[in-house]
Amino acid sequence: MSDHPNTQALPASADIVIIGAGVNGLATAFELSKRNAGRIVVLERKFIGAGASGKSGALVRQHYTNVPEAKLTLESLKVFTNWREYVGHGDCGFEQPGFLRIVAPDDEANLRENVADLQEGGIRTWVITPEETAELEPLLYVGDISAAAFEPDAGYADPNATMFGYATAAAANGVTIVTDCEAISVQTDGGKVTGVVTAQGTIACGQVLIAAGAFADKLLTPLGLDIGLTPYKSQVVLFRHPISMDSTRKHRVVIDTITEAWLRPEGANTTLIGIEFPDRKADPDDYPQFPPPDYVAQCHAALARRFPVFENATMRGGWTGMYMMSPDHHPIIGRMDGYDGLFVMSGDSGACFKTAPATGMALSELMVDGEAKVIDLHPFRPSRFAEGQPWVDPRPYGAHGHELSISR
């Protein structure tokens, strides 16, 4: 299978079925296989990388306006930086140019308090002055900031290489990955999971993890489970480095609340940028694959404002992906109430590539041992909405901080 994962036939039964061969589903399959959790099958409606994970900007940064998500990345960073030793297959393509968090002067107090919380959680980060920011990243315009946060260990990875590495490692451990096999429904009996109906037939099982990205609600709704998931678009644009720019030095990864943008190097001479935008809702079965001209123009303006050297940069491509947004814009990870053996990883707001290694660890612990130990999953529990306790970060950035998706 490791050479041709799409040749696997659908087995008649398994102990655990994971729906979705994105980075979270594959990381969980790998972790379960390490724990000898039984017969594990991953179902993918198209091919590995077809969904949100394959379109991810793949930032790996620990700065959040809450500690639980930051700790997920802290644990995940250990995997990205030690991929060969930990996963043992492929190469996640992790680059570490460092990360800068840019906020408006009005948010400096929040920035300082958030950084203090992150430091207490074990993350290497600190607040720097505009002068220090310019020294760390000479291309950056700092005339509109009073402070920034720097994170030296952060960077970005290759999202598809990460998935392929996890898939190969999981397969080597006996996991069956079935591609071109859409999951149609989850079967239950007496409040327990009994199997999954697919386009290729039915597979019996006792546990199901729904990690189906923008298609998760299509599996949850028929079970009477509505956790308010909404499919959203995420768009990025690539700009070629202008001739005046030194491409031999990779610039820092940046998230900028002032322009509501995030950016990083891509390849040898290109920069990738995404921005927040209003028309994010879309049909995951039917959406444009390329960003519209007005979005491209807004990305260029945001990039040139923060990195003036890009004022005359050439657009070299882009793409659109779909992810699932939860009602409070934070991930939903855990056991679904009402059905024994049903678990979910969704609502990630486009920010869960970087946390996938730790999410896989935590879900494998939860599914095998009944409790996650690597990270406390309580803040991520699906039941928080029914409990009337949606997740609200105490110190977000910007006027629309609670509404931001991947740049939050």
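A brief report on the enclosed structure follows. (Residues numbered from 1 in each chain as written. Predicted model: local features only at pLDDT ≥ 70, side-chain atom pairs only at ≥ 80, totals over all residues. Heavy atoms only, no water.)

**Details of the packing of aromatic side chains**
Then, number 1: In total, this model carries 10 aromatic pairs according to the counting rule given.
Then, number 2: Aromatic ring contacts, followed pair by pair, group Phe30, Trp83, Tyr86 and Tyr166 into a single cluster.
Then, number 3: When the ring centre of Phe215 is taken as reference, the NZ or CZ atom of Arg45 above it lies at 3.9 Å.
Then, number 4: For Arg61, the ring lying beneath its charged end belongs to Tyr64, and the centroid distance is 4.3 Å. (Phe/Tyr/Trp six-rings, centres within 6.5 Å; stacked < 30°, edge-to-face > 60°. Lys NZ or Arg CZ within 6 Å of the ring centre and 35° of its normal.)

**What to know about helix α9 (residues 356-369)**
Then, number 1: Between the first and last C-alpha of α9 there are 19 Å, a value that for 14 residues agrees with the 20 Å anticipated at 1.5 Å per step.
Then, number 2: Counted residue by residue, α9 has 12 buried out of 14 residues, so it is predominantly covered.
Then, number 3: For α9, every residue scored as buried is listed here: Ala356, Pro357, Ala358, Thr359, Gly360, Met361, Ala362, Leu363, Ser364, Glu365, Leu366 and Met367.
Then, number 4: Note on α9: the residue one or two positions beyond its end, Gly370, has a positive phi of about 90 degrees. (Helix = DSSP H or I, 4+ residues; strand = E, 2+ residues; numbered from the N terminus. Expected span 1.5 Å × (residues − 1). Buried < 20%, exposed > 50% of the residue type's maximum accessible area, 1.4 Å probe, protein only.)

**Regarding empty space enclosed by the protein**
Then, number 1: Following the criterion strictly, the structure yields two cavities of 30 Å³ or more and no others.
Then, number 2: Looking at the second largest cavity, its volume works out to about 40 Å³.
Then, number 3: Every residue along the wall of the second largest cavity is listed here: His241, Met245, Ser247, Arg249, Lys250, His251, Pro265, Gly267 and Ala268.
Then, number 4: Of the residues assigned to the lining of the second largest cavity, the class counts are three nonpolar, four polar and two charged. (1 Å grid on protein atoms, 1.4 Å probe; cavity = no way out; pocket = protein on both sides within 12 Å on 5 of 7 lines; lining within 4 Å. Points joined across faces, edges and corners; volume = space filled by probe spheres on them. Nonpolar A, V, L, I, M, F, W, Y, C, P; charged D, E, K, R; others polar.)

**Considering the side chain of Glu151**
Then, number 1: As for its placement among the helices and strands, Glu151 is situated in strand β6 (residues 148-151).
Then, number 2: The buried charged residue Glu151 lacks any salt bridge partner; its closest oppositely charged side chain belongs to Arg61, at an N-O distance of 7.1 Å. (Lys, Arg positive; Asp, Glu negative; His and termini not counted. Salt bridge = Lys/Arg side-chain N within 4 Å of Asp/Glu carboxyl O.)

**Looking at the nonpolar core**
Then, number 1: In terms of nonpolar packing, the biggest core is built from 50 residues, with Ile18, Leu26, Val42, Tyr166, Leu209 and Leu377 touching the most fellow members.
Then, number 2: Of all the secondary structure elements, the ones that give two or more residues to this core are β1 (16-19), α1 (23-34), β2 (40-43), α2 (67-81), α6 (159-172), β19 (342-346) and α9.
Then, number 3: Counting residues per element, this core draws most heavily on α9, which supplies seven residues.
Then, number 4: Those residues in contact with Ile18 that sit more than four places away from it in its chain are Gly25, Thr28, Ala29, Leu32, Ile40, Val41, Val42, Leu43 and Leu209.
Then, number 5: Ala183, Ile203, Phe215 and Leu220 belong to the second-largest nonpolar core, a separate cluster that totals 31 residues. (Core = buried A, V, L, I, M, F, W, Y, C linked by side-chain atoms within 4.5 Å. Contact = heavy atoms within 4.5 Å.)

**Regarding the layout of surface pockets**
Then, number 1: Here the second largest pocket defines a volume of roughly 240 Å³.
Then, number 2: The element best represented in the lining of the second largest pocket is strand β18 (residues 332-335), accounting for three residues.
Then, number 3: The residue inventory of the lining of the second largest pocket, partitioned by class, reads five nonpolar, three polar and five charged.

**Quick look at unusual backbone geometry**
Then, number 1: With a phi close to 50 degrees, Asn36 is a non-glycine residue in the positive phi region.
Then, number 2: With respect to the helices, strands and loops of the structure, Asn36 is situated in the loop between α1 and β2.
Then, number 3: One non-glycine residue, His329, lies in positive phi territory at about 65 degrees.
Then, number 4: Mapped onto the secondary structure, His329 falls in the loop between β17 (314-325) and β18.
Then, number 5: A residue is classified by how much of its surface remains accessible, and His329, at 11% relative accessible area, is buried.

**Some words on the pattern of salt bridges**
Then, number 1: For the coordinates displayed, the defined rule picks out 18 salt bridges.
Then, number 2: Its salt-bridge partner being Arg305, residue Asp144 comes within 3.0 Å of it at the nearest N-O pair. Linking Asp144 in the loop between α5 (130-136) and β6 with Arg305 in helix α8 (residues 293-306), this pair joins segments that are 161 residues apart in sequence.
Then, number 3: The class of Asp144 is buried, set by a relative accessible area of 17%.
Then, number 4: Linking Glu276 and Arg280 is a salt bridge whose minimum nitrogen-to-oxygen distance equals 3.0 Å.
Then, number 5: On the basis of relative accessibility, which here comes to 11%, the residue Arg280 falls in the buried class.
Then, number 6: By sharing partners, the salt bridges in this structure join Asp144, Asp256, Arg305 and Arg306 into a single network.

**Thoughts on the pairing of strand β13 (residues 230-240)**
Then, number 1: Here β13 lies mainly inside the structure; nine of its 11 residues are buried.
Then, number 2: Note that β13 and β17 share 11 bridges and pair antiparallel. If you follow Ser234 over to β17, its bridge partner there is Gly321.
Then, number 3: By the bridge criterion, four bridges tie β13 to strand β16 (residues 270-275) in an arrangement that is antiparallel. The residue bridging Phe239 from the neighbouring strand is Thr271, located in β16. (Pairing = 2+ DSSP bridges.)

**Let's talk about the sheet that holds strand β9 (residues 183-189)**
Then, number 1: On the basis of which strands lie adjacent, the open sheet formed by three strands has the order β9-β10-β11 and antiparallel pairing. Of all strands in the sheet, those with a lone pairing partner are β9 and β11 (201-204), marking the two edges. Each strand axis lies, on average, 25 degrees off the axis of its neighbour in the sheet, ignoring direction.
Then, number 2: Sheet topology places strand β10 (residues 192-198) next to β11; four bridges connect them, and they run antiparallel. Across the sheet, Val196 pairs through a bridge with Ile203, a residue of β11. (Axes fitted to C-alpha atoms, helices over the stretch in contact; angles between N-to-C directions.)

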